[in-house]
Amino acid sequence: MALIVQKYGGSSVADADGIKRVAKRIVETRRAGHDVVVAVSAMGDTTDELLDLAAQIAPIPAPRELDILLSAGERISMALLAMAIHSMGYEARSYTGIQAGMVTDSRHGSARIVDVTPTRVHQALDEGAIVIVAGFQGFNPDTQDVTTLGRGGSDTTAVALAKALDADVCEIYSDVDGVFTADPRVVPKARKLDVIGAEEMLELAANGAKVLYIRAVEFARRHGVIIHARSTFAAGPGTYVLGPGMTPPPELEGAAMEEPIVAGVATDLGQAKITVIGVPDVPGKAAEIFKIVAKSGANVDMIVQNVSAAATGRTDISFTLPKSDATAALRALDAEHADVGFESLVHDDQIGKLSVVGAGMRTHSGVSATLFEALSTAGINIEMISTSEIRISVVLHGDDLAGAARVVHSAYGLDGDIEAVVHAGTGR
Ligand code: ADP
Ligand code: ASP
Ligand code: MG
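Residues numbered from 1 in each chain as written. Chains lettered and ligands numbered in written order. Predicted model: local features only at pLDDT ≥ 70, side-chain atom pairs only at ≥ 80, totals over all residues. Heavy atoms only, no water.

## A look at the overall build of the protein
Part 1: Looking only at helices and strands, one finds twelve helices and 20 strands in the protein.
Part 2: The C-alpha atoms of the protein give a radius of gyration of 23 Å, which matches the 22 Å a tight globule of 428 residues would have.
Part 3: When burial is assessed residue by residue, the protein has 51% of its 428 residues classed as buried.
Part 4: If you take every contact in the protein between residues at least 6 apart in sequence, the share linking residues at least 24 apart comes to 74%. (Helix = DSSP H or I, 4+ residues; strand = E, 2+ residues; numbered from the N terminus. Rg over C-alpha atoms; globule rule 2.2 N^0.38 Å. Buried < 20%, exposed > 50% of the residue type's maximum accessible area, 1.4 Å probe, protein only. Contact = heavy atoms within 4.5 Å.)

The following block contains the structure:
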């Protein structure tokens, strides 16, 4: 008998039938003799709908109220899921983040879990119940307020519960069969992976592969939790995410664990580009600009500085950041226009970022040449380039992103023989 933590995402519990389907899977696990703790997301696109609603009421809603509002989404699904399990003759109890002891810091909208005190979860398990915990939410003991963990944060709830309860595995169920070599909605020939290294998964998640939430992967790697990504809609072996020192499950024993040169391709349409034009090419200007941007709360990703024009002694600096941070950054820069002495600002929110990730890049050459060759053959223009030890990213025009992902996926020999299946969800 094992203790299994399962997480079901919004697309798995989008309607009553979905909730009943998930209840059946949970009960099957229980029938197999295991203790089950479930983290559940809000139904379908509920979180987006609540955000849209708030935006109609207030342009910048108070963070405290927004968190209370958003946390309601997961309360609905957890209670309905417990009811569905009851109807099948099994005992289940649902708990909010506070009730399950999900202690976080006080950052509304992106709180971090600092402790889990699952007293009531243990009690319920001891009494033979299946436990359902609302994903994505916690509370801060200092402010006594409800917090949320950031979009996609139910994955983190599941991993943190798995760690706190010393679970045998943390299964994350969604509308795809596991982690693929690319988003199957973008690259139909993407292949499901049986196993992926935590480091590569982190890079893919950080660069747009939302199948697993970056903080959940980070938490799992740090605390030795094995993540098993699976489909709610089909039985299948899924994908294991293994960090250093984690023991592969028996079904993977003997499987080749070599480091692929390229594990996968990630795509991200969530970024914007700001270009600061005509910056005086003297020491200290980049520092001034990025101090202003940092103070606006924006999270800068890539940066490129042009060679300055000899005639003017001025240069252009471009950087990318999440679309949602762009307005604040532009406003902040505009306010300091005269002090910094640049000429103008250009904002482009029609960009796409393509990233190629693989641990084998450390020891293989020619990986970037393949990428540039594939894009050039397809006639796709590159606007920016950045690299890390195990990743190469390029910024392109947003309309080129999907096509670029497909040609690059082929160029690295990642294409599978059959078309990947997406079982549900709206991709929102
Ligand atoms: P959930 O609602 O269950 O949390 P998400 O929508 O957050 O599910 O994540 C699943 C989606 O992630 C898939 O439908 C797929 O479009 C997308 N995705 C992006 N990159 C990948 C990838 N490399 N492998 C699998 N799915 C991916
Ligand atoms: N419901 C939240 C969201 O849509 C959390 C999650 O689904 O993981 O972001
Ligand atoms: Mg998700």
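## Regarding helix 6 (residues 198-206)
Part 1: For helix 6, the tally of buried residues reaches seven of nine residues, placing the bulk of the element in the interior.
Part 2: Once helix 6 finishes, G208 follows within two positions and takes phi at roughly 120 degrees, a positive value.

## What about the site of ligand 1?
Part 1: Around ligand 1 there are 18 residues in total, and S174, D175, F180, D183 and R185 lie nearest to it.
Part 2: Between ligand 1 and the protein, one listed contact pairs an oxygen atom with a side-chain N or O atom of K7 at 3.1 Å.
Part 3: A distance of 2.9 Å separates a nitrogen atom of ligand 1 from a polar atom in the backbone of F180.
Part 4: The protein chains hide 90% of the 570 Å² of surface that ligand 1 would expose on its own.
Part 5: Of the residues belonging to the shell around ligand 1, the class tally is eight nonpolar, five polar and five charged. (Near = heavy atom within 4 Å. Polar contact = N/O pair within 3.5 Å; in protein donor to acceptor, adjacent residues only side chain to side chain. Areas by Shrake-Rupley, 256 points an atom, 1.4 Å probe, with all protein chains shown as cover. Nonpolar A, V, L, I, M, F, W, Y, C, P; charged D, E, K, R; others polar.)

## With respect to the pairing of strand 12 (residues 239-242)
Part 1: Of the two faces of strand 12, the one holding T239 and V241 and the one holding Y240 and L242 are both buried throughout.
Part 2: The sheet contact formed by strand 11 (residues 227-231) and strand 12 spans three bridges and is antiparallel. Within the sheet, the bridge partner assigned to H228 lies in strand 12 and is Y240. (Pairing = 2+ DSSP bridges.)

## Some remarks on the packing of aromatic side chains
Part 1: Across all of its chains, the model carries two aromatic pairs by this definition.
Part 2: With a centroid separation of 5.2 Å and 70 degrees between ring planes, the pair formed by F290 and F319 is classed as edge-to-face. Taken together, the residues span a long stretch of sequence, with F290 in helix 8 (residues 285-295) and F319 in strand 16 (residues 314-322) at a distance of 29 residues. (Phe/Tyr/Trp six-rings, centres within 6.5 Å; stacked < 30°, edge-to-face > 60°.)

## Section: the site of ligand 2
Part 1: Taken together, S41, A42, T47, E74, F136, R151, G152, G153 and S154 make up the full set of residues near ligand 2.
Part 2: Take T47: an N or O atom from its side chain is 2.8 Å from a nitrogen atom of ligand 2.
Part 3: A distance of 2.7 Å separates a nitrogen atom of ligand 2 from a polar side-chain atom of E74.
Part 4: Its residues placed into classes, the shell around ligand 2 shows two nonpolar, five polar and two charged.

## Examining unusual backbone geometry
Part 1: Of note in this structure, F136 is not a glycine but carries a positive phi near 75 degrees.
Part 2: Examined against the element boundaries, F136 turns out to sit in the loop between strand 6 (130-134) and strand 7 (137-140).
Part 3: Relative accessible area serves as the criterion here: at 3%, F136 is assigned to the buried category.
Part 4: With a phi close to 55 degrees, D166 is a non-glycine residue in the positive phi region.
Part 5: Inspection of the secondary structure assignment puts D166 in the loop between helix 5 (154-164) and strand 9 (169-174).

## Observations concerning the sheet that holds strand 3 (residues 92-95)
Part 1: Read from one edge to the other, the open sheet built from eight strands follows the order 3-6-2-1-9-11-12-10, with strand pairing classed as mixed. Edge positions in the open sheet fall to strand 3 and strand 10 (195-197), since each of these has one partner strand only. When strand polarity is set aside, the average angle formed by the axes of neighbouring strands in this sheet is 20 degrees.
Part 2: Relative to strand 12, strand 10 is paired through three bridges, and the arrangement is parallel. Its bridge partner lying in strand 12, V195 is registered against Y240. (Axes fitted to C-alpha atoms, helices over the stretch in contact; angles between N-to-C directions.)

## A word on the environment of G398
Part 1: Relative to the helices and strands, G398 resides in the loop between strand 20 (391-397) and helix 12 (401-411).
Part 2: Sequence separation between G398 and I227 is 171 residues, and the spatial gap between their C-alpha atoms is 32 Å.

## What to know about the nonpolar core
Generally speaking, a soluble globular protein has its nonpolar side chains buried in company with each other.
Part 1: Formed by 46 residues in total, the largest nonpolar core has its most connected members in V37, V159, M201 and L212.
Part 2: Residue contacts for V159: discarding those within four places in its chain leaves C170, I172, A216, F219, A220, V225 and I227.
Part 3: Among the nonpolar cores identified, the runner-up in size contains 26 residues, and L371, I380, A404 and A420 belong to it. (Core = buried A, V, L, I, M, F, W, Y, C linked by side-chain atoms within 4.5 Å.)

## Description of the pattern of salt bridges
Part 1: Taken as a whole, this structure holds 18 salt bridges when the rule is applied.
Part 2: Where D145 meets R64, a salt bridge forms, and the shortest distance between an N and an O atom there is 2.9 Å. Of this pair, D145 sits in strand 8 (residues 145-148) while R64 sits in helix 3 (residues 63-87), placing them 81 residues apart in sequence.
Part 3: D145 sits in the buried class, given a relative accessible area of 14%.
Part 4: Here R64 falls in the partly exposed class, since its relative accessible area comes to 34%.
Part 5: Notably, a salt bridge pairs R314 with E343, separated by 3.4 Å at the nearest N-O pair. Residue R314 is located in strand 16, and its partner E343 is located in the loop between helix 10 (337-340) and strand 17 (344-348); the two are separated by 29 residues in the primary sequence.
Part 6: Residue classification places R314 among the partly exposed positions, given a relative accessible area of 27%.
Part 7: When salt bridges that share partners are traced, they join R64, E65 and D145 into one network. (Salt bridge = Lys/Arg side-chain N within 4 Å of Asp/Glu carboxyl O.)

Geometric values such as these leave the question of function open.
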